[in-house]
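Secondary and tertiary structure notes
As a plain string of letters, each chain reads:
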Amino acid sequence: MATADNAYPFAGIVGMADLKLALLLNAVSSAIGGVLVRGEKGTAKSTMVRGLAALLPPVPVVPGCPYSCDPAAPDPGCPAGPHAGAGAAAELRPVALAELPVGATEDRLTGSLDIERVLTAGTTAFQPGLLAAAHRGVLYVDEVNLLHDHLVDLLLDAAALGVNYVEREGVSVRHASRFLLVGTMNPEEGELRPQLLDRFGLTVQVTASHDPAERAEVVRRRLAFEADPAAFARRFAGEGAALAGQVAAARARLPRVDLPDAALRQICAVCSAFGVDGMRADLVTARTAIALAAWSGRDVVTEEDIRTAARLALPHRRRRDPFDAPGLDEQALEEALREAASQGPDTPEDPGPDSPGPDSPGPDPGPENPDPSNPNGPSGPGNPDPDPDPNGPGGPSGGQNTSAAPPASSSSSAAEAPPSAPAAPAAPFRARLLTVPGVGEGAPGRRSAARGPFGRTVGARVPQSRPFALHLPATVRAAALRGPHTPEPARRVILAPADLREAMREGREGNLVLFAVDASGSMAARQRMRAVKGAVLSLLLDAYQRRDKVGLVTFRGAGAELALPPTSSVEAAARRLASLPTGGRTPLAAGLAKAARVLAAERLRDPRRRALLVVVTDGRATSGSDADLARAAATLAGVASVVVDCESSVLRLGLAERLAILLAADRFSLDELEAGPGLAAVARPRTRGRVA
Ligand SMILES: [Zn+2]
């Protein structure tokens, strides 16, 4: 396959071969469950997915059916049906690639049921959505990590059932929806929710090659592709036809492939060594290994199949916490495979305490592998060398790991005491819910109250455009009040489009949580900084769950710096926090002024996202005057703020309290940030920084 890969437009992208293999294996065995493509910006992830989808074999469909019914077994409930039974007319259609934009409405995904038409004309009208378009094809979500939870839930339901079920006000439509789910994401913009992550059968990491010659070739081919896509497509049409034949042959072989007991034991041993949750990992690895054998034209699963399957199926399943990037330690994989293989089928039933070597605790995703950038490799299957290329992504030059490096401490002047080594954060806890008061209109999330398309119904109004959700009682009431009614004696209400009322819903939005963290000498006592970092980490973990954007301003020494511009990547914030150096004077006013500038800029960029400023300090300003502080606080007027009081001396100065008054902010001690049992359930409005 190596030559075919070299011929492909995007050769030179590390992980390309894996991506292609992963998609083809899914084409062979749909039970594998899709592919997640992880890669930094500019690795042409989307282009690759679209290009590769075109290589999948075409599907026979019932002519004219928008739901792509299979002529061999048409969906009996097809909304476009009924179709003639098996053996009806068929046409070949290229595999559909339905693309779900992250900002899509629910209707766009599931299809829309025109309830207005049901009510006013008495006929059911269903406009199929992307789940219909993707049936027997590919459903592709770019930036899948930014997809709203509500759409994620719908997607997961459809994927689990193989059916799309749409219901509005008691009228329902259903149609088959089985698709190959492909998602791409840039991990720098935030991780995927665990339940969605687990849904993806396989993961592929793509990175740009570091070899200048390869990079040049990528550019050359991209330019050729852009100059004449048709000619380019012709060049690869032959490959597409060959692959289609290969997929068909592998599909036919699939039911015959044997998974020997020893191979199954090896799969389960590997999964258990990697500490995966549940049984899905074992199942997906087994299915992938079987598909690989079929793809290679074999009837028996080999260790090689298992190795490749594990590399594709496990990296995203061995995660321990959300700040831990997915990845697979290839050496640990080899060890697990070896260990399982050495315990032959003749091993007696007893657990064998005599087994050589101490029970390996399994691969510890410890600090030695903080950002695995796992080179799933240019090395095709079968290269046991974990990192054959010294310039590869895992190599010493590994340029993409720069984000893990400590931020340049440009603000520390030479006269200041040198910063001490960064203190490691204390273990995070479940944080108290901090919210922005009032009702916003920001992106859906889980922090502050917001009006929007989701949530519980709080009222009805005359819609400005087509109503998103109908408020039925209000609609009927409007019609009844308007009249006229059908003649006596029935006097039934007649519904007209003008009577339609839209439901107003209130849910929750995500916010921008900007941390302004005091990293000065007065905070630098090691234990205290550990506690402070632990508290901020807890708030970050909370922000991750609530779909917030986060940013980090730090101040110490001569000034303040934006350590992390507002991002959805809580992982990036956690990394910056862990490596945050401390020491020097406390330019509190500069910190506040910097925060105000960041918030003002962000308001221009994303006006509907409301901000919450969390100032973490002991309030002891040792640089700048009181007037400076008051001026800086004034620039933050109108910003919802919280002061986390880090003062711990026996003789309390109450400086953080004074700052809280200046900012009209709520103040919490580090201990008070921890959510007590049940605390999150009660919301109590306050003037600033409402707390639940
Ligand atoms: Zn149909």
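For the structure itself, look to the data block above.
Residues numbered from 1 in each chain as written. Predicted model: local features only at pLDDT ≥ 70, side-chain atom pairs only at ≥ 80, totals over all residues. Heavy atoms only, no water.

Turning to the coordination of the zinc ion, a few remarks are in order. Note on the zinc ion: its protein donors are Cys65 (SG), Cys69 (SG), Cys78 (SG) and His83 (NE2). The metal-donor distances range over 2.1 to 2.3 Å. For the zinc ion, the four donor atoms are set out with angles of 103 to 119° between them, so the coordination reads as tetrahedral. Ordering the donors of the zinc ion by residue number gives the pattern C-x3-C-x8-C-x4-H. Pair noted here: Cys69 is in the loop between β3 (59–61) and β4 (91–93) and His83 is in the loop between β3 and β4, with a separation of 14 residues, a long-range link. (Donors = N, O, S within 2.8 Å, 3.2 Å for Na, K, Ca; no water. Tetrahedral: all angles 85-135°; square planar, octahedral: opposite > 155°, others 65-115°. Helix = DSSP H or I, 4+ residues; strand = E, 2+ residues; numbered from the N terminus.)

Here the focus is helix α20 (residues 655–662). Taken as a whole, α20 has its buried residues at Leu655, Ala656, Leu659 and Ala660. Projected down its long axis, α20 shows its buried positions confined to an angular sector of 145°, all on one face. (Buried < 20%, exposed > 50% of the residue type's maximum accessible area, 1.4 Å probe, protein only. Arc of directions from axis to C-beta.)

Taken across its six residues, strand β20 (residues 640–645) has six buried, putting it largely inside the fold. A two-sided burial pattern is seen for β20, the buried positions comprising Ala640, Val642 and Val644 on one face and Ser641, Val643 and Asp645 on the other. With six bridges connecting them, strand β19 (residues 611–617) and β20 associate as parallel partners. Following the sheet pairing, Val615 is matched in β20 by Val643. Note that the unit made of β19, helix α19 (residues 626–634) and β20 has a crossover that is right-handed. For β20 and strand β21 (residues 666–669), the ladder comprises four bridges, and the chain directions are parallel. Considered in β21, the bridge of Val644 is made with Phe668. (Pairing = 2+ DSSP bridges. Right-handed = clockwise from strand over helix to strand, strands pointing away.)

A word on the environment of Leu36. Looking at where Leu36 falls in the secondary structure, it is placed in strand β2 (residues 35–39). On the accessibility criterion, Leu36 (0% relative accessible area) is buried. In this structure, the C-alpha to C-alpha distance between Leu36 and Leu181, residues 145 residues apart in sequence, is 8.2 Å. What Leu36 contacts, discounting residues up to four positions off in sequence, is Val144, Gly183, Met185, Leu192, Leu197, Phe200, Leu202, Thr203 and Val204. (Contact = heavy atoms within 4.5 Å.)

Scanning the model with the defined rule gives 23 salt bridges in all. In this structure, the salt-bridge partner of Lys549 is Glu602, at a minimum N-O distance of 3.1 Å. Of this pair, Lys549 sits in strand β17 (residues 549–556) while Glu602 sits in helix α18 (residues 588–605), placing them 53 residues apart in sequence. We classify Lys549 as buried; its relative accessible area is 17%. For Arg658, the salt bridge goes to Asp626, with nearest N and O atoms at 3.6 Å. Within this pair, whereas Arg658 is found in helix α20, its partner Asp626 is found in helix α19, the two being separated by 32 residues in sequence. On the basis of relative accessible area, Arg658 is assigned to the partly exposed category, the value being 38%. On the basis of relative accessibility, which here comes to 53%, the residue Asp626 falls in the exposed class. Within the structure, one salt-bridge network assembled from shared partners comprises Lys549, Glu602, Arg605, Asp606 and Arg609. (Salt bridge = Lys/Arg side-chain N within 4 Å of Asp/Glu carboxyl O.)

Everything listed here is a matter of geometry and, on its own, says nothing about what the molecule does.
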